[in-house]
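Descriptive structure summary
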Amino acid sequence: MTKARQIRTLSLAALATVIPGTLCAQRDTAGRSEAEARGGQRSPALAVRRATGAMRLDGHLDETDWARADSIVDFRQREPIDGAAASERTVVKVIRDAEAIVIGVRAEDRDMNGLRAAQLRRDADLTADDNVTLLIDSFHDRRTGFVFRTNPNGAMWDGQIAGVDNTNANWNGLWDVAVTRDAGGWTAEFRIPLSTLRFRSGAGATFGFNVRRFISRKNEEVLWQSWGRTQGFLQQLNEGELTGLGVLERARNIELRPYALARAVATSRDSSGARIAEGFADGKLGLDVKSAISPTLTIDATVNTDFAQVEADRQIVNLTRFPLFFPEKREFFLESSGIFDFGTPSRAQLFYSRRIGLDTLGDPVPILGGARLYGRVGAWTLGAIDTRTGGADQANDALVRVKHDLLARSFIGAMAMQRSGPGVHGTERAGGIDVDLPLVVRGFNIEPSFWLAATQTPGVRGTPVAWRYGTDMPNDLFDNFVSLYRIESGYHPRLGFVRRTGIWETTGHINFQPRPGVLGIRRLDLTIPIPTWDIIADERGSVARPRDWQTANFEWRFLGGTFQSGDQFEANLQRFMDAPAEAFEIFRDVSIAPGRYWWTRGELQYSTSPRRPLSVSSQVSWGDFYDGRNTELRLNVAWRGGAHVILGADIDRNDARLAGGRFTAVQTSVRAEYAFDTRADLLLFLQYNNEENRFDIQSRVHWIPALGDELYIVWNSGYATGALARFRFPSRDALSRPLNGAIVIKLVHRLVK
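Below or above, wherever it landed, is the structure these notes cover. What you see is a predicted model, and the numbers here were worked out from it, not measured in a lab. Think of each chain on its own: its residues are numbered from 1, step by step along the sequence as written. For this predicted model, a pLDDT threshold of at least 70 governs which residues receive local features, and a threshold of 80 or more governs which side-chain atom pairs are given and counted, while totals over whole chains, interfaces and linings are taken from all residues. Just so you know, side-chain values use all the structure's heavy atoms and leave hydrogens and water out.

**Looking at the sheet that holds strand E21 (residues 348-349)**
The criterion for strand pairing is that DSSP finds at least two bridges linking the strands in question. By definition, any uninterrupted DSSP run of H or I lasting at least four residues is a helix, any uninterrupted run of E lasting at least two residues is a strand, and each is numbered from the N terminus. Taken together, three strands build an open sheet; the order of strands is E20-E21-E31 and the sheet is antiparallel. In this open sheet, the two edge strands, each paired with only one partner strand, are strand E20 (343-344) and strand E31 (497-498). Direction of pairing for E21 relative to E31: antiparallel, over a ladder of two bridges. Looking at E31, one finds that Gln349 is bridged to Phe497.

Here is the structure:
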């Protein structure tokens, strides 16, 4: 419910006051042994037993090795009462065989009727269900790792830790899990092949390790380690260890994933019914290759790449004059994508992978081939990408990323990239340096950071630069940040994303988050008297002078928080400012004239906990809007009645009356999921918006017959809905005359050499 926050930072003056003490504190932890850093005590450890016989993955921990294995049982709450004993008993054991690590988790529960398990689909959001999550820090560097999650249905979710409190949920590893239930609880048996992990070969290996369990009906989070309020599951400084792994060698196998694709594409038309492109049917072959060139470095290669199975982007009616940001969903760019993070996500990124293989409208550009190198060498993290695109693009895109470890979790890094080729008019270059210092000072989190980037673009004089510095302080009672940006005119990272140029910008907030323990409230979230702010000024001016501001928004949260049930609420007062230098179209045939506008709005939000079978998220805002008024309603409803069917619908409606005209902007979508089992599912995604007057359908069948093998059947189709459309949806003619349509069948097979 609460809006996603941008990267959090602090001014340089404030940074100067905290660095000396924090560096000393961090150096004290990093420079000594782990035992010394913990006051003479080693990190809590779980000894791994070597399997003496075959291990069946069946969700029953009945082999003899399980009875003899070491175990952990001391789980403590992080929510609702940090440090309190877990209300339900959890037992974790780990066994290693020749090829994999097998983790057994027994989650005892005295009320199995209250167990929550609605999800079954691969990579579904399991956070509202009862679930168990494993963290394996196979480099044991306390800054990277893998997470694996399941629920009582045996649904699978995984992710790759890409940085402090940053998990790449789109990473998909090869692993398996089996789950059983009985009257006293549920049992999960994970099998994670060593080939899925990244580690240093040799004897005496130790992995970082942690386990988190969520008990949904109690909204209770318990962990083995790092259960403090200012810590958390992804705070790896306090993780435990897996010892006794013995000699580890990562096999340098070559994994081949050839695919075959057949498709039929309908004739494309405009809203008048005129043909834009003729339909066709064809086939396609391609290949993805993965190889461990060393125990810690991996190379991916792709030939004739295709992403036909990727879920469609969500449609958004954009009522601003600035570009929208969409997340990456294509598998080739997802693994270890955190290595290539540079800048501020959705605001000013030096590298934005959707610039490769997609045009400005999001339509595919053929990728003829490419390669990625990523991993670690000692204290260095390395990444490189090189791709060649065809079609109208005809470009070669290359980039290199390096980071060097500092202190316990900090780094200093650099990135360089180049775009060239026969379809590019002159070589375009960009590069930069960055430093991130996530520190813990006397139990409090503080994260100073800085980045500087520059571009060289044909037709633009000089080397325009962009930079940002600041600090984040995400703690329990106060969660604060403040930032300062400078982005010069002409700064244009061709392979990146930048929302605004020629500006100064500052963002920040000071959130006060007490825990009153009354009226069923778990935690309040208030931003008074200092509001959350985002101020953008012309680069020739200053963010300190309102007359130089181009845009600004402020939000005072007078009342907000979370109930013990997980329900959330907010009551906000907002103040906005925008000064467009020229007219812009805000909606079809409605424009905003140049000028300087200030307006004030109220906002109410309420969301029920997603763990309820029927959950609702609602938001209403009202008040002034540029030179008129606007009332906005957002509503999202989801039904999770069982493990097989999940239904969801949302609507965003703006009713605006402006000097340039009146409009009602509507965007709505419906999503239906049916999971046959944990390896086969059907997805139906319907979208409509009245700005483009179109209705789109995507349906996808996904089947995993064996780990690494996949079958997709995808159907996409779009229809015109405008009153003047020749073939208007819904009608019999519209169904036979879509604007566009395609059916694709794609089969992927995994081979290991």
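Past the structure itself, the notes keep going.
**Re the packing of aromatic side chains**
Two numbers describe a pair of aromatic rings. These are the distance of the centres and the angle of the planes. Any two rings among Phe, Tyr and Trp, with Trp reduced to its six-membered ring, count as a pair given centres within 6.5 Å; such a pair is stacked if its planes are under 30 degrees apart, edge-to-face if over 60, and tilted if neither. Under the criterion given, the structure shown has 29 aromatic pairs. Summarising the aromatic geometry, the rings of Trp175 and Phe190 are spaced 6.0 Å apart at their centres and angled 20 degrees between planes, so their arrangement reads as stacked. One end of the pair, Trp175, is in the loop between strand E9 (166-168) and strand E10 (176-182); the other, Phe190, is in strand E11 (residues 185-193), with 15 residues separating them in the sequence. As far as burial versus exposure is concerned, Trp175 and Phe190 are alike and both buried. A ring pair is formed by Trp599 and Phe625, whose centres lie 5.8 Å apart and whose planes are at 80 degrees; its orientation type is edge-to-face. You can see Trp599 sitting in strand E39 (residues 597-607) and its partner Phe625 sitting in strand E40 (residues 614-625), a full 26 residues away along the chain. For every residue, the accessible area obtained with a 1.4 Å probe (protein chains only) is divided by the maximum for its type, and the residue is called buried under 20%, exposed over 50%, and partly exposed between those limits. Residue Trp599 is classed as buried on the basis of its relative accessible area of 6%. Note on Phe625: relative accessible area 9%, which makes it buried. Put simply, the rings of Phe576, Phe584, Tyr597, Trp599, Phe625 and Tyr626 pair up and form one aromatic cluster. By definition here, charges over rings are those cases where NZ of Lys or CZ of Arg is within 6 Å of the ring centre and within 35 degrees of the ring normal. The lysine or arginine in question, Arg372, covers the ring of Phe332, its NZ or CZ lying 5.7 Å from the ring centre. Seen from the ring of Phe685, Arg671 lies directly overhead, with NZ or CZ sitting 5.9 Å from the centre.

**Regarding the pairing of E10**
Relative to E11, E10 runs antiparallel, the two sharing seven bridges. Looking across to E11, one finds that Arg181 is bridged to Trp186. Hairpin connection, E10 to E11: the antiparallel pair is bridged by two residues.

**Brief notes about the environment of Phe569**
Relative to the helices and strands, Phe569 is located in strand E36 (residues 568-578). Classification of Phe569 by relative accessible area gives buried; the value is 12%. Placed 265 residues apart in sequence, Phe569 and Asn304 show a C-alpha to C-alpha distance of 49 Å.

**Considerations on the nonpolar core**
We define a nonpolar core as any set of buried Ala, Val, Leu, Ile, Met, Phe, Trp, Tyr and Cys residues linked to one another through side-chain atoms lying within 4.5 Å. Counting residues in hydrophobic clusters, the biggest one holds 37 residues, and the most contacted among them are Ile103, Phe148, Phe190, Leu197, Phe207 and Phe209. Going through the elements one at a time, strand E4 (90-96), strand E5 (100-108), strand E6 (131-137), strand E7 (145-150), E11 and strand E12 (207-215) are the ones with two or more residues in this core.

**Points about the sheet that holds E5**
Pairing in this open sheet of five strands is mixed, and the strands run E2-E4-E5-E11-E10 from one edge to the other. At either end of the open sheet lies a strand with only one pairing partner, and these are strand E2 (49-50) and E10.

**So, unusual backbone geometry**
In this model, Glu79 is joined to Pro80 through a cis peptide bond whose omega is 5 degrees. Note on placement: Pro80 falls in the loop between strand E3 (76-79) and E4. Following Ile528, the chain continues into Pro529 via a peptide bond in cis, with omega recorded as 5 degrees. Notably, Ser226 is not glycine yet its phi reads approximately 60 degrees, a positive angle. Exposure remark for Ser226: the relative accessible area of 3% places this residue in the buried category. Even without glycine at this site, Gln394 takes up a positive phi of about 50 degrees.

**A short note on the pattern of salt bridges**
Whenever Lys or Arg places a side-chain nitrogen within 4 Å of a carboxyl oxygen from Asp or Glu, that contact is recorded as a salt bridge. With the rule as written, the count across this model stands at 66 salt bridges. Asp650 is the salt-bridge partner of Arg314, the closest N and O atoms lying 2.6 Å from each other. Taken together, the residues Arg314 in the loop between strand E19 (297-305) and E20 and Asp650 in strand E42 (residues 645-658) connect sequence positions 336 residues apart. Accessibility expressed as a relative area gives 10% for Asp650, which makes it buried.

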